[in-house]
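# Coordinate inspection notes
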Amino acid sequence: MPLLEREPQLGTLLQYADEARASTGRLVLVSGEAGVGKSSLVEELQRRLPDATWAWGACDGLFTPRPLAPLHDIAREIGGSLLDTVRGVATRDEIFDAVLQCASAIEGLTVLVIEDVQWADEATLDLLRFLGRRVAKLPVLLLATFRDDALAPNDPLRLALGELAGQRYTRRIDVPPLTKAAVRRLAEGTAYSPDRLYELTGGNPFFVVEVVSDPGTEVPPSARDAVLARAARLSGAARAALDLASLDSWRVDPGLVARAGRVELETFDELITAGLLTADVSTLRFRHELARRAIESEVPPHRRVAGHQDLLRALIDEGCDDDARLAYHAEASGEADLVRRFAPVAARGAAELGAYREAVAQYERALRHAPVDERALADLYDAYADVLAYVDSWPQAVAARERAVAIWHDLGDARREGYDHRKLTSVYWRLCRGPESVAAIRTAIELLEPLGDDPELALAYSIEAYDLWPSDPDAAAAMLQKAQAMAGRVGDPVVLSDVLNNVAAGELMLRRDWTRTMHEALRLALEAGAEAQAGRAYANAYTFYGMQYRFAEGERFYRDGIAYCDERDIPTFGTCLRGHRAVALMDMGRWDDAVAIAEGVLATEASPVNLLTSQITLGLVLARRAAEGAFDVLDAGVSAADDLDETEWVAATRLARAEAHWLAGDEDAAVADLAVVRSRVSAFDYHEDARLSVWEQRLLGQASPSSPAPGPWATSLAGEHIAAAVHWDRLGCPYDAAMSLYDTGDDESLRRAIAGFEAIGAQAAARRTRQKMRELGHRAVPSGARASTRQHPLGLTRRESEVLGLVCDGLTNDEIAERLVLSPRTVDHHVSAVLGKLGVGSRGAAAAQARRLGLVPAQA
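What you are looking at is a predicted structure, and each value in this text was computed from that prediction instead of being measured. Throughout this description, residue numbers start from 1 for each chain and increase along the sequence as written. In keeping with the predicted nature of the model, local features appear solely for residues at pLDDT of at least 70, side-chain atom pairs appear and are counted solely at 80 or more, and the whole-chain, interface and lining totals rest on all residues. Each side-chain value is worked out from all heavy atoms of the structure, with water and hydrogens disregarded.

### A word on the overall build of the chain
- In terms of regular secondary structure, the chain is built from 46 helices and eight strands.
- Dimensions of the chain, computed from the C-alpha atoms along their principal axes, are close to 100 × 80 × 40 Å.
- Looking at the chain residue by residue over its 860 residues, the buried ones come to 53%.
- In what follows, a contact means two residues having at least one pair of non-hydrogen atoms within 4.5 Å. Pairs at least 24 apart in sequence give 62% of the contacts found in the chain among residues at least 6 apart.
- The protein chains shown are the only cover counted for residues, whose accessible areas, like all others here, come from Shrake-Rupley with a 1.4 Å probe. Total accessible area computed for the chain in this model is approximately 37,300 Å², and 50% of it derives from carbon and sulfur atoms.
- The charge count includes Lys and Arg as positive and Asp and Glu as negative, but it does not include His or the ends of the chains. Lysine's charge is taken at NZ, arginine's at CZ, aspartate's at CG and glutamate's at CD. Seen as two clouds, the 95 positive and the 128 negative side-chain charges of the chain have centres 4 Å apart. Helical segments are the DSSP runs of H or I of at least four residues, strand segments are the runs of E of at least two, and each set is numbered from the N terminus. Between buried and exposed lies partly exposed: a residue is buried under 20% and exposed over 50% of the maximum accessible area for its type, with that area taken using a 1.4 Å probe on protein chains only.

Laid out in structure tokens, this is it:
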């Protein structure tokens, strides 16, 4: 694990080391709680001071510490006369003098380390006092680490610290826990939520590492053992109080525990002294949640149930209004009636605050103790399915919603059954169960229409309109108008937002301005505090801007939408935004960034429909780079899209796979995918139709578009490939621009296409272009990347290396273009590629990284 957030402490220690080299020695007291990384800090210092002489010792945590135990360790490392003295029959004063003489005799800087001084015997503390007074005139850095979280007021170390702190050459460095940002970095690539990991560990590096190293156990054995070792030293009364407190919360209410367990308040002093509890303003707390869990895991079952019962009665007696806490103790006590009383209230409260994962947990608790009343049970399943939708947990949501549908049907409640069929539509869609989704919305309309105006019916109409577009556009438009009118009559802004979102989608299909309608849908949702509707509006707005290559206009919706969804823990729409972000970055030629996002999405448990954009992105980039694994990703996407059975996604996934087949040289397979898409698209699928038509023209020599193509596709289909390349270039899409140049067939354009492909790492497309040049009889076909390029430590091409050198010289892109006789746009692509390969985000950072790696000469 990397050492994070310790540079300030390391910088200070290095400064003290420099002072010690000048015979102005230092005694440095390094403090921090157990597991905070004191030893790791000192070990990193040793790596940065390889020329110093180092010797380490540690105090033993035995009941009766061994006298001068750390000095024995140090003597064994140094050897010589010091080892003889320590092993002999010398007096304490003689031993102390021998340490001083040994340190004086060593050439250069000497660093002596004594760890875990909180367990030091009196003799070792005296040695520290002795050396602290005399180290000032020696090239010695004496480091003493200790835990400052378990010192009683009369602890010998506390007294020694008071004396040492007053000495002129003593310094103290405190090592704090990690911040949330550092824990977030350590959580990358694990199954843990960074916030939850921080909550569990309090930022303690030892516990963080133990958790991420052993994800299969709630409390890692090593962390558990560390906590239990302390608890084993407690008196019987203190351990009983600690056990009871561990059953409640990491925050400990002494009064509550005292009442529930008939515990004397003085008992808590022992727990504080042992470092198992700490003061927290007006109450106490476990130092870490993991510590509480470790203690809880040792409570025997019979005492556990009794303890929860005692705590529950005490909480009820004092009028506790924390329903989550009460539900927890009720379930642990086996009190089913009280679980049914408290858990649903706790779940609703969590959902109202946007704590959807907590709401899910509370509804699951309530359903484990399901009510006998069928209506109440159906209400629970409905509420449970609602919150599952926020956290992208669709398999569980479909089971809950189907169970509710069955109950409402048996009860003869057509309205509630209709509501659930309408909601099932979205659930089936997210699971790529297209035909079931269509059937559910039609059932919802059949059930709700006889009942008159209803918010859910308005939503159902707007969803059905979307399904009608390909087959009956007039009926679809009429149904959207009906939905919008009904939403206005019922006067529900949340429903109106959802309906307007669907209206905006219709306007996009009709090639009208959709932005005003979508912006209104977002405004209504934000003003109403409708988080699902706002998340959906952000996601669809960004998607629509991306479909039209209006990247700059869409940026605000991505930035604000991600912040909105992440802050409210709404991964369903946050994942959707990230997937479409990956597509946009791919279109803009920022492939490393696109791949990073796509791989992050595919590593989650998102719904199948939310994975499609990332599967398309990752598969295409791999194929264009001639990398392995493209078809594994794309085949999965095609299969899911076929199950969804929507033209938009069938076309998107199969067009991506057709390109991958073409890049791999399998034109028959590519044409087969194009044929499937052609059998599906209609005049209203004009984006898909345009992309398909260009590929048909490219592979078959002719296209049969169903409708006029927009933008650069129309230019390509008219045979104006160079103009199309210019258009793509202006839109900021380098790969598409190079593909348009590929379509020309003339020598200069094909060479420019190769340069464009290589600038963004599209080796497979560059290879196809060289093949085309040879087939057309062009001479002096440009060769591929040279061996020197392939052997470059970061994979930079010769041209990229040239550009990097000029960036380091401070030239702008325009100046680089003039120097190398390139277009500014080409230089832009080269610079983007260089930044990606260096893993930096700015030109200044690229220059600094290049100098650190020795890729360019260092500045004089």
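### Structural notes on the pattern of salt bridges
- Definition used for salt bridges: Asp or Glu carboxyl oxygen within 4 Å of a side-chain nitrogen of Lys or Arg. Scanning the model with the defined rule gives 52 salt bridges in all.
- Among the ionic pairs, E7 bridges to R48, the shortest N-O distance being 2.7 Å. Taken together, the residues span a long stretch of sequence, with E7 in helix α1 (residues 7–21) and R48 in helix α2 (residues 38–48) at a distance of 41 residues.
- On the accessibility criterion, E7 (46% relative accessible area) is partly exposed.
- Judged by relative accessible area, R48 falls into the partly exposed class, the value being 33%.
- Residues participating in the shared-partner salt-bridge network are D379, D382, D386, R401, R416, D420 and K423.

### A few points about unusual backbone geometry
- Although it is not a glycine, E5 sits at a positive phi angle of roughly 60°.
- Mapped onto the elements, E5 comes out in the segment before α1.
- Of note in the backbone geometry, D116 takes a positive phi value of approximately 55° without being a glycine.
- Here D116 shows up in the loop between β3 (110–115) and α6 (122–134).

### Some thoughts on the packing of aromatic side chains
- For this analysis, a ring pair means two rings from Phe, Tyr or Trp (six-membered ring only for Trp) whose centres lie within 6.5 Å, classed as stacked if their planes differ by under 30 degrees, edge-to-face if by over 60, and tilted for the remaining angles. Under the defined criterion, the tally for this structure stands at 16 aromatic pairs.
- For the pair Y356 and Y390, a centre-to-centre distance of 3.9 Å together with 5° between the ring planes defines the contact as stacked. Taken together, the residues Y356 in helix α19 (residues 356–368) and Y390 in helix α20 (residues 374–390) connect sequence positions 34 residues apart. A single burial state applies to Y356 and to Y390, both of which are buried.
- Among the aromatic residues, those joined into a cluster by ring pairs are W514, F544, Y545 and F557.
- Any Lys NZ or Arg CZ that is within 6 Å of a ring centre and within 35 degrees of that ring's normal is treated as a charge sitting over the ring. In this structure, R581 is placed above the aromatic ring of Y558, and the distance from its NZ or CZ to the ring centre is 4.3 Å.
- The residue whose ring lies beneath R624 is Y735, and the NZ or CZ to ring-centre distance is 3.8 Å.

### Structural notes on the pairing of strand β1 (residues 26–32)
- With seven of its seven residues buried, β1 lies for the most part within the structure.
- Taking every second residue as pointing to the same face, both faces of β1 are buried, with R26, V28, V30 and G32 on one and L27, L29 and S31 on the other.
- Here, a strand pair is defined by DSSP locating no fewer than two bridges between the strands. Here β1 runs beside strand β4 (residues 140–147); their pairing, made up of seven bridges, is parallel. Across the sheet, the residue bridging to L27 is L142, located in β4.

### Section: the state of the cysteines
- The criterion for a disulfide is a pair of cysteine sulfur atoms lying within 2.5 Å. Counted by the stated rule, this structure contains zero disulfides.
- In this structure C576 is a free cysteine whose sulfur lies 9.0 Å from that of C565, the closest cysteine sulfur available.
- For C576, a relative accessible area of 13% puts it in the buried group.

### Description of the sheet that holds β3
- Pairing is parallel across the open sheet formed by five strands, whose spatial order is β2-β3-β4-β1-β5. Single-partner strands in this sheet number two, and they are β2 (53–58) and β5 (170–174). Along the sheet, successive strands turn relative to each other by an average axial angle of 20°, direction set aside.
- Pairing between β3 and β4: five bridges, direction parallel. By the bridge assignment, I114 is partnered in β4 with A144.
- Its contacts with the sheet put α2 on β1, β2, β3 and β4, and the angle it makes with β4 is roughly 160°. Here an angle of 0 to 180 degrees is reported between the N-to-C directions of two axes, which are lines fitted to C-alpha atoms, with helices fitted over the stretch in contact.

### Notes on the packing of helix α30 (residues 571–587) against helix α32 (residues 608–624)
- The contact between α30 and α32 brings their axes to 8 Å, and the two run at 25°. Considering the angle they form, α30 stands roughly parallel to α32. Helix-helix and strand crossings are classified by hand; for α30 and α32 the assignment is left-handed. Side by side, α30 and α32 meet where T572, T575, C576, G579, H580, A582, V583 and M586 of the first sit next to N610, T613, S614, T617, L620, V621 and R624 of the second.
- Residue composition of the contact of α30 with α32, by class: six nonpolar, eight polar and one charged. Oblique is the label for any angle not under 35 degrees, not over 145, and not in the 65 to 115 range, which are roughly parallel, roughly antiparallel and roughly perpendicular in turn. Handedness of a crossing is defined here by the sense of rotation of the near helix relative to the far one, left-handed for an anticlockwise turn of less than a right angle and right-handed for a clockwise turn. Residues are grouped as follows: nonpolar covers Ala, Val, Leu, Ile, Met, Phe, Trp, Tyr, Cys and Pro; charged covers Asp, Glu, Lys and Arg; every other residue, Gly included, is treated as polar.

### So, α2
- Buried within α2 we find K38, L41, V42, E44 and L45. For α2, the buried positions fall inside an angular range of 155° around the axis, keeping them on one side.
- Summarising the contacts, the buried residues of α2 are in contact with α1, β1, β2, β3 and β4. The directions from the helix axis to the C-beta atoms are what the arc is built from.

### Some thoughts on the nonpolar core
- Nonpolar cores are built from buried Ala, Val, Leu, Ile, Met, Phe, Trp, Tyr and Cys residues. Side-chain atoms within 4.5 Å join them into one set. Counting residues in hydrophobic clusters, the biggest one holds 107 residues, and the most contacted among them are L234, L242, V252, F268, L271, L277 and L577.
- A per-element tally of this core places α20 first, with 10 residues.
- Those residues within four positions of L234 in sequence are excluded, and the remaining contacts are R239, L242, E270, L271, A274 and L276.
- With 51 residues, the next largest nonpolar core counts L585, A594, L634 and L655 among its residues.

### Examining helix α23 (residues 434–448)
- A helix is expected to span 1.5 Å for every residue after the first. The terminal C-alpha atoms of α23, which comprises 15 residues, lie 21 Å apart, in line with the 21 Å expected from a rise of 1.5 Å per residue.
- For α23, the complete set of buried residues consists of G434, S437, A440, I441, A444, I445 and L448. Projection of α23 onto a plane perpendicular to its axis shows the buried side chains occupying an angular sector of 135°, all on one side. Among the exposed residues of α23, those oriented more than 90 degrees off its buried face are P435 and E446.
- In this fold, the buried residues of α23 make contact with α22 (414–430), α24 (455–468) and α33 (630–644).

### Let's talk about the pairing of β3
- Among the six residues that make up β3, six are buried, leaving the element largely enclosed by the rest of the structure.
- Burial along β3 is two-sided: the face carrying T110, L112 and I114 and the face carrying V111, V113 and E115 are both buried.
- The pairing of β2 with β3 spans six bridges and is parallel. Looking at β3, one finds that G57 is bridged to I114.
- The handedness of the β3 to β4 crossover, carried by α6, is right-handed. Viewed with both strands pointing away, a crossover whose connecting path from the first strand over the helix to the second turns clockwise is right-handed.

### So, the environment of T769
- Among the structural elements, T769 can be located in helix α41 (residues 763–775).
- When the C-alpha atoms of T769 and M739 are compared, they prove to be 9.2 Å apart, with 30 residues separating the residues in sequence.
- Beyond its immediate sequence surroundings of up to four residues, T769 is in contact with Y742, L750, A753, I754 and F757.

### A word on the packing of helix α26 (residues 493–509) against helix α27 (residues 515–528)
- The N-to-C vectors of α26 and α27 enclose an angle of 160°; their axes lie 8 Å apart at closest approach. Here α26 is positioned roughly antiparallel relative to α27, judged by the angle of their axes. Considering the relative orientation of α26 and α27, their crossing is left-handed. Judged by residue contacts, P493, V494, L496, S497, L500, N501, V503, A504 and E507 of α26 engage T517, M518, E520, A521, L524, A525 and A528 from α27.

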